[in-house]
Each structure stands twice: as C-alpha cells, then as structure tokens.
Amino acid sequence: MNILANIYDTINQLERDIRDQDTYKDLVAAIAALKNDEEAYSIYNEFRALQTSFQFKAQMGQEITEEDEKKANELQEKLAGNTVISDLMNKERLLNTVVEDINQAVTRPINEVYQTLMNQE
C-alpha cells in the first residue's frame, strides 16, 4: 500500500507542478481573455456546438452534409481571423505538448512490458 500511496503523492505533486507551469498559466489567461471578449466567446461557443454536432453525427453513422461542411469552413475562417481564439488555440497546443510528454513517460513502463511480447515472436 505504501508504494501506491507514493504514486498518488507523485500524481498530486505533478498536478501542482502543472499548475505552476507558465504554459498552464498562459492557458488560464487566454481563457479569461476569451470570456471577456463577447465576439470571440460567441465564435468559440459556435465552434464547440458544431464540433459536438459532428461527433453526434459520427456516432449515429450519419453523413456530414455539404451544408455542414460549408458551415464548418465559414466558422474556420472566423476562428482563424480572431486573435483571441488563435492565441487560445496556441496556448492549448503548448500545454498539450507538455501533457503528451507526461503521458509518454507514464505509459513507457507499460509499453515496454508489451514490447517484450513482440520481441518473443
């Protein structure tokens, strides 16, 4: 049980460390900026709704229509043209890189174990 407790202590420390990272703080600031910009916030919510709609259609096996594609292209132009949203997306990418690196490190031992199965063949 002590090893498990140590792992959870490490996880909790990792959470604190992430919150201390500039990439995290920059994302928090970018989200605050988005919330304070009515136009950007509206575009962002429209984007999220369209994204959810596309996911729902995919799960239901429905086709994405030409109208859907047109709407997505128009929304993409709005997103790209809004500096607040562009900044937010950039900050998300930067933090996501950190999270991916952490994920790779955490799963490395597990991947190595399974790799031994492939080396047996």
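Numbering of residues starts from 1 in each chain and follows the order in which that chain's sequence is written. Thresholds applied to this predicted model are a pLDDT of at least 70 for local features of residues and 80 or more for the giving and counting of side-chain atom pairs; totals over whole chains, interfaces and linings are not thresholded and use all residues. Hydrogens and waters are ignored; side-chain quantities use all the structure's heavy atoms.

Chemist: I'd like a description of the overall build of the protein, backed by residues and values.
Modeler: When helices and strands are tallied, the protein shows 5 helices and 0 strands. N-terminal to C-terminal, the α/β element order of the protein is α-α-α-α-α. Radius of gyration means the value over C-alpha atoms here, while the globule rule gives 2.2 Å times the residue count to the 0.38 power. Its C-alpha atoms give the protein a radius of gyration of 20 Å, more than 25% over the compact-globule value 14 Å for 121 residues. For the protein, the proportion of its 121 residues judged to be buried stands at 15%. By definition, residues are in contact when any of their heavy atoms lie within 4.5 Å. In the protein, the proportion of contacts linking residues at least 24 apart, taken out of those at least 6 apart, comes to 69%. Reported accessibility uses the Shrake-Rupley method at a 1.4 Å probe radius. Residues are deemed covered only where the shown protein chains occlude them. Summing over all exposed atoms, the protein offers an accessible surface of approximately 9700 Å²; the carbon and sulfur share of this is 52%. Taking the 12 positively charged and 23 negatively charged side chains of the protein as two groups, their mean positions are separated by 4 Å. We count a stretch as a helix when DSSP gives it H or I for four or more residues in a row; a strand needs E for two or more, and each element gets its number in order from the N terminus. A simple rule labels every residue: compare its accessible area, found with a 1.4 Å probe on the protein chains alone, to the largest value its type can have, and call it buried under 20%, exposed over 50%, or partly exposed in between. In this charge count, Lys and Arg are treated as positive and Asp and Glu as negative; neither His nor the chain ends contribute. Working definition for charges: the position is that of NZ of Lys, CZ of Arg, CG of Asp or CD of Glu.

Chemist: Report on the packing of helix α3 (residues 38–60) against helix α4 (residues 66–81), specifying residues and quantitative values.
Modeler: Where α3 meets α4, the axes come as close as 10 Å, and the angle between the chain directions of the two elements is 150°. Regarding the angle of α3 to α4, the classification is roughly antiparallel. Regarding α3 and α4, the two cross each other, and that crossing is left-handed. Contacts between α3 and α4 involve I43, E46, F47, L50, F54 and K57 from the first element and D68, K71, A72, L75, K78 and L79 from the second. A fitted line through C-alpha atoms represents every axis, and for helices the fit uses only the stretch in contact; the resulting angles, taken between N-to-C directions, go from 0 to 180 degrees. With respect to orientation, any angle under 35 degrees is reported as roughly parallel, any angle over 145 as roughly antiparallel, any angle of 65 to 115 as roughly perpendicular, and every other angle as oblique. Helix crossings fall into two classes, left-handed where the near helix is turned counterclockwise from the far one by less than a right angle and right-handed where it is turned clockwise.

Chemist: Describe the nonpolar core, naming the residues involved and giving the relevant values.
Modeler: Take the buried residues of types Ala, Val, Leu, Ile, Met, Phe, Trp, Tyr and Cys, join any two whose side-chain atoms come within 4.5 Å, and each joined set is a nonpolar core. L34, A40, I43, Y44, I85 and L88 are the most contacted members of the largest nonpolar core, which has 14 residues in total. Those elements that place two or more of their residues in this core are α2 (22–35), α3, α4 and α5 (83–119). With 5 residues, α3 is the largest single contributor of residues to this core.

Chemist: Go over the pattern of salt bridges, please, and point to the residues and values.
Modeler: In what follows, salt bridge is the name for a side-chain nitrogen of Lys or Arg lying within 4 Å of a carboxyl oxygen of Asp or Glu. This structure, assessed with the given rule, holds 4 salt bridges. The closest approach of N and O atoms between R19 and E15, which form a salt bridge, is 2.9 Å. Residue R19 and its partner E15 are both found in helix α1 (residues 2–20); the two are separated by 4 residues, about one turn of the helix. For R19, a relative accessible area of 43% corresponds to the partly exposed category. On the basis of relative accessibility, which here comes to 38%, the residue E15 falls in the partly exposed class. Measuring nitrogen to oxygen at the nearest pair gives 3.5 Å for the salt bridge that ties D87 to K91. Remark: K91 and D87 occur in helix α5; sequence separation between them is 4 residues, near one turn of the helix.

Chemist: Explain the packing of α3 against α5 residue by residue, including any values.
Modeler: Contact pair α3 / α5: the axes reach a minimum separation of 9 Å and the direction vectors enclose 60°. Accordingly, the angle class assigned to the pair α3 and α5 is oblique. On the side of α3, the interface is formed by A40, I43 and Y44, while α5 contributes V84, I85, L88 and E92. Residues are grouped as follows: Ala, Val, Leu, Ile, Met, Phe, Trp, Tyr, Cys and Pro are nonpolar; Asp, Glu, Lys and Arg are charged; all remaining types, including Gly, are polar. Here the contact of α3 with α5 is composed, by residue class, of 6 nonpolar, no polar and 1 charged.

Chemist: Go over α3 with me, naming the residues and quoting the values.
Modeler: For an α-helix, the turn length of 3.6 residues means that residues three or four places apart are oriented alike. Take the number of residues in a helix, subtract one, and multiply by 1.5 Å to get its expected span. Taking 1.5 Å per residue, 23 residues should reach 33 Å; α3 reaches 33 Å between its end C-alpha atoms and fits that length. Those residues of α3 that fall on the buried side of the exposure criterion are A40, I43, Y44, L50, F54 and K57. Residues of α3 that are buried sit in contact with α2, α4 and α5. Between N or O atoms, a polar contact is any pair within 3.5 Å; within protein, one atom must be a potential hydrogen donor and the other a potential acceptor, and residues adjacent in sequence are included only when both atoms are from side chains. Its side-chain oxygen placed 3.2 Å from the backbone nitrogen of E39, D37 serves as the N-cap of α3.

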